[in-house]
Amino acid sequence: MLALADIASPVRAPFTFFFLLMAPATALAAVLLNLDPLSRAVVATGTAVAMDLLVAQGMLALHMWSIRGGVAVVAAVSAVLFLLPLAGRAYGRSGRRRTP
């Protein structure tokens, strides 16, 4: 919220960095339930860093670089990734049919 609202604060940079790393990592950890906890943490953190770099690269390539835009894109992608297992479970319940 500090980055999106453009609030000048000494904790803005550390909180933004923490959010950009932990939001995608937490969302990916929710998707990777089949792995053991250490593997899940390593894969989720590595993929979160790669996702942040891809978002930054895409914004630079399109000449649309902004801190607020990057935080918003990472938040949106993280929300979609976080809701993906929930949608899969809901679809799995209604999509299964009993055969006589």
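The structure displayed is predicted, hence computed values, not measured ones. (Residues numbered from 1 in each chain as written. Predicted model: local features only at pLDDT ≥ 70, side-chain atom pairs only at ≥ 80, totals over all residues. Heavy atoms only, no water.)

I keep staring at the overall build of the chain and nothing clicks. Help me out?
A count of helices and strands for the chain gives three helices and zero strands. Here the chain, with 100 residues, has 20% of them falling under the buried criterion. Sequence separation of 24 or more characterises 56% of the internal contacts of the chain that already satisfy a separation of 6 or more. Carbon and sulfur atoms make up 72% of the accessible area of the chain, which totals about 7,300 Å². (Helix = DSSP H or I, 4+ residues; strand = E, 2+ residues; numbered from the N terminus. Buried < 20%, exposed > 50% of the residue type's maximum accessible area, 1.4 Å probe, protein only. Contact = heavy atoms within 4.5 Å. Areas by Shrake-Rupley, 256 points an atom, 1.4 Å probe, with all protein chains shown as cover.)

Which parts of the structure should I look at to understand helix 2 (residues 37-61)?
Three- or four-residue spacings in an α-helix give side chains the same orientation, since the helix completes a turn every 3.6 residues. Taking 1.5 Å per residue as the helical rise, helix 2 with its 25 residues ought to reach 36 Å, and the 36 Å between its terminal C-alpha atoms agrees with that figure. Turning to helix 2, its buried residues number three or more, namely A44, A48, M51, D52, V55 and M59. Residue H63 follows helix 2 closely and has a positive phi angle near 55 degrees. (Expected span 1.5 Å × (residues − 1).)

What am I meant to see in the packing of helix 1 (residues 12-31) against helix 2 here?
Packed helices, taken two at a time, are described by the angle between their axes plus the distance between the axes. Put simply, helix 1 and helix 2 touch, their axes get as near as 8 Å, and they point 130 degrees apart. Judged by the angle between their axes, helix 1 and helix 2 are oblique. With respect to the hand of their crossing, helix 1 and helix 2 are arranged in right-handed fashion. Residue-level inspection shows L20, L21, P24, A25, L28 and A29 of helix 1 in contact with helix 2, the latter providing R40, A44, T45, T47, A48, V49, M51 and D52. Broken down by class, the residue content of the contact of helix 1 with helix 2 amounts to 10 nonpolar, two polar and two charged. (Axes fitted to C-alpha atoms, helices over the stretch in contact; angles between N-to-C directions. Parallel < 35°, antiparallel > 145°, perpendicular 65-115°, else oblique. Left-handed = near helix turned anticlockwise from the far one by under 90°. Nonpolar A, V, L, I, M, F, W, Y, C, P; charged D, E, K, R; others polar.)

Explain helix 1 to me, please; I cannot follow it from the model alone.
In a regular helix each residue adds 1.5 Å, so 20 residues correspond to 28 Å; helix 1 covers 29 Å between its end C-alpha atoms and thus fits that length. For helix 1, the complete set of buried residues consists of T16, A23, P24, A25, A27 and L28.

When you look at unusual backbone geometry in this model, what are you seeing that I'm missing?
Most peptide bonds adopt trans geometry, and most residues besides glycine take a negative phi value. Here the phi dihedral of H63 falls at roughly 55 degrees; this positive angle occurs in a residue that is not glycine. Mapped onto the secondary structure, H63 falls in the loop between helix 2 and helix 3 (67-95).

Even after reading the chapter, I still don't get the side chain of S78, so can you show me in this structure?
The topology assignment puts S78 in helix 3. With relative accessibility at 5%, the residue S78 sits in the buried group. Excluding residues within four positions of it along the chain, S78 makes contact with A23, P24, A27 and M51.

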